[in-house]
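Reading the structure
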Amino acid sequence: MNHFSYIVSFALLLCSPLFLSSVSAQAFLSQPARVPTEAQDWQTKDVRAVDIDQDDDLDIIVANEFDQNAIFLNDGNGVFSVGNQGIPASIIHDSEDIVLADFNGDSFLDIIFISEDDFENEYYWNTGSGSFVSSPNVLPFTSSNAAAAVDITNDGRPDLILGNNDQNMILVNDGFGNLLVDPNRLPLLTEKTHDIKMLDIEGDGDMDMFVANEGTNRLMINDGAGFFVDASAARLPSGLTLDTRKAVIADVNEDGFPDIFLCNVEFSLATNPQDRLFLNDGAGYFTDATERLPNKNNQTLDAVFIDLDEDGDLDLVTANVFGNPVNILLNIDNQFHPVSAAATNPLGAVEAFGIVPGDFDKDGYIDFYVANAAGKDLVLIRDASVQLVRTQELSDLATQIELFPNPMQSDFSLTWERETVNEKTVFQIFNAQGQRLQQLFPQQKTDKHYTFSLPEILPPGCYYLQIQNETQIGLKRFLKVP
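Reference entry: report on the structure contained in this document. Note that the coordinates shown come from a computational prediction; the quantities given were computed from them, not determined experimentally.

Overview of the packing of aromatic side chains
Across all of its chains, the model carries 14 aromatic pairs by this definition. Their ring planes at 80 degrees and their centres at 5.7 Å tell us that Phe80 and Phe360 sit as a pair that is edge-to-face. Taken together, the residues Phe80 in strand β7 (residues 80–82) and Phe360 in the loop between β28 (352–358) and β29 (367–372) connect sequence positions 280 residues apart. For the pair shown, Phe80 and Phe360 are each scored as buried. In textbook terms, an aromatic cluster arises when at least three aromatic residues are bridged by ring pairs, as seen for Phe412, Phe427, Phe452, Tyr463 and Phe478. Over the aromatic face of Phe227 sits the side chain of Arg185, whose NZ or CZ is 4.3 Å from the ring centroid. A cation over an aromatic ring shows up here: Arg235 above the ring of Tyr285, its NZ or CZ 4.3 Å from the ring centre.

Regarding the environment of Gln409
Looking at the element boundaries, Gln409 is found in the loop between β32 (401–404) and β33 (411–416). Residues in contact with Gln409, not counting those within four places in the same chain, are Leu454, Lys480, Val481 and Pro482. Among the polar contacts made by the side chain of Gln409, one reaches the main-chain carbonyl oxygen of Pro482 at a distance of 2.8 Å.

Considerations on the sheet that holds strand β12 (residues 144–150)
One open sheet accounts for 4 strands, arranged β12-β13-β14-β15; its pairing is antiparallel. Two strands close off the open sheet at either side, each with one partner strand: β12 and β15 (179–181). Shown here is a sheet whose adjacent strand axes are inclined to one another by a mean of 25 degrees, direction ignored. Examined bridge by bridge, β12 and strand β13 (residues 159–164) share 6 bridges and lie antiparallel to one another. By the bridge assignment for β13, Ala148 is matched with Ile161.

Conventions and cut-offs
- Residues numbered from 1 in each chain as written.
- Predicted model: local features only at pLDDT ≥ 70, side-chain atom pairs only at ≥ 80, totals over all residues.
- Heavy atoms only, no water.
- Phe/Tyr/Trp six-rings, centres within 6.5 Å; stacked < 30°, edge-to-face > 60°.
- Helix = DSSP H or I, 4+ residues; strand = E, 2+ residues; numbered from the N terminus.
- Buried < 20%, exposed > 50% of the residue type's maximum accessible area, 1.4 Å probe, protein only.
- Lys NZ or Arg CZ within 6 Å of the ring centre and 35° of its normal.
- Contact = heavy atoms within 4.5 Å.
- Polar contact = N/O pair within 3.5 Å; in protein donor to acceptor, adjacent residues only side chain to side chain.
- Pairing = 2+ DSSP bridges.
- Axes fitted to C-alpha atoms, helices over the stretch in contact; angles between N-to-C directions.

Pasting the structure below:
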């Protein structure tokens, strides 16, 4: 009997999100000791992986919500320590995004932390080897969730775009790292922006702009001189009201043109939380290819495309919240499918505000740094001995099943719309950590009604009963009380 992975979430206080699998091996292993203890109580909202101190390994930069922002220096083996040379721990803002670029032209990456609720953006110049000083150029006081650095004016110097809770802004670089607002380069649109991504949609050599908003996303076309026109109505799929928190640019279908993946939620609007995939036709017009994704409400906040199974195409990893853990989707014939060994901690699924890939321990395999939504950030190290394999996709029968009583003490009953249970139907109990405890067999069977006895040794707590046959799978949570 083959068992297949099934991910669930729940809100009972005695339970936590989990990953269910009949195999104990995990493709990615959480190793908390690799993350500095100082980060225990930080709420990381954005993360970047970059060799900031130029020692040939990937470091981590984190933007924290109402806590200090930080640089985590890699010791070369994927173990990180705080290395905030010049970024004061005493400076605390509502940081939401990170921008890295050489703004002042000295060949070192500078850092900008973007702030929302307290309007305080931070701008630091890199003096070399990962040491920083505050830039003399004070950025505008804006309520911002996003930013991007790109050479808009075609002078070889990175400029800055701010995605605000109002009118977005373009700041032009004067050549010395001073970023000055130019109010004439963007259409006047008062919207709440959560992400900005730059891409050359039609291959004309200049960078266009995708703006991820609450409500209506925007596609801005660059006229070649760094002035942008809203072309959303003509070039994006119509009839969609979305709350998009991140846009990810990748050539998903390998045709040489950039496509757009939308990380969607339903936090504050009557929106469709289904993630979406927009494919570029090569002329900068996009069609909705969301049928290539699982039909699932993941509440996705971040995502990355990367070839995890080394078959030459781009797979997808999403960072999700509200009971939806980090999720790996394998690209098989341009369709994305869940895998049977997901990037989760064996002790429980990880919900995340952000995720970034990188070979942190320099073993030749991709790892992940996860901005944990419910605790200390995590480094997930790839176990190359575990193969990433597509899971068999079964239809969900959970809505057809009821358990009673619940909570229960010993015997319980199950009703199921399916009239008969055949020899291929399996009932199994899992604990809240995703461990399979025992297979159950019906004690009595009547029309659509089955009676079971709980194992006497099962201690009080939160559990799941998984029901699976050849075409369906369902999971029902229950409490056992003394």
